[in-house]
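Fold and geometry: a report
Each chain, letter by letter, is given below.
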Amino acid sequence: MLFSRNNHRVEKERNQHLLDTIYDTKASWDHAKETERAVYEANVSTELRDRCKMQEQKYLYLYKIARKYNVHGQLNKGVISQ
């Protein structure tokens, strides 16, 4: 009980860092998807496809960790429009 206040602060910092990383990874994944779509007419290389898939897997992994720790962030406008 002596360190409970400190643990709460550390947990909040961890959660915020996790959310920031998730948002950055989502933006990177969206950018990779847009790049893949833009180059699609020019016979997309496997490297672009692999990068897009890797960004997707990073995002899904971080999302799974956030669910494990029961971390909630702000609502994403991109989700609302879909």
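As shown above, the structure is provided for reference.
Here goes a summary of the coordinates provided. A quick note: this is a predicted structure, and the numbers were derived from the prediction, not measured.

The subject of this paragraph is the packing of aromatic side chains. Within this structure, the stated rule accounts for two aromatic pairs. Residues W29 and Y59 carry aromatic rings whose centres are separated by 5.4 Å and whose planes lie at 35° to one another, so their mutual orientation is tilted. One end of the pair, W29, is in helix α1 (residues 4-39); the other, Y59, is in helix α2 (residues 46-68), and 30 residues separate them in sequence. Assessed through its relative accessible area of 16%, Y59 is described here as buried. Considering the side-chain rings of Y59 and Y63, the 6.2 Å spacing of their centres and the 25° angle between planes classify their relative orientation as stacked. Taken together, the residues Y59 and Y63, both in helix α2 and four residues apart, mark about one turn of the helix. Ring pairs connect the aromatic residues W29, Y59 and Y63, which therefore count as one cluster. Here the basic side chain of R14 rests over the ring of Y69, its NZ or CZ set 3.9 Å away from the ring centre.

This part is about the environment of R49. Position of R49 among the secondary structure elements: in helix α2. Residue classification places R49 among the partly exposed positions, given a relative accessible area of 41%. Between the C-alpha atom of R49 and that of T35, which follows or precedes it by 14 residues, the distance is 9.5 Å.

Turning next to the environment of K58. As for its placement among the helices and strands, K58 is situated in helix α2. In this structure the C-alpha to C-alpha distance between K58 and T25, which are 33 residues apart in sequence, comes to 7.0 Å.

Each value, and the rule that gives it
- Residues numbered from 1 in each chain as written.
- Predicted model: local features only at pLDDT ≥ 70, side-chain atom pairs only at ≥ 80, totals over all residues.
- Heavy atoms only, no water.
- Phe/Tyr/Trp six-rings, centres within 6.5 Å; stacked < 30°, edge-to-face > 60°.
- Helix = DSSP H or I, 4+ residues; strand = E, 2+ residues; numbered from the N terminus.
- Buried < 20%, exposed > 50% of the residue type's maximum accessible area, 1.4 Å probe, protein only.
- Lys NZ or Arg CZ within 6 Å of the ring centre and 35° of its normal.

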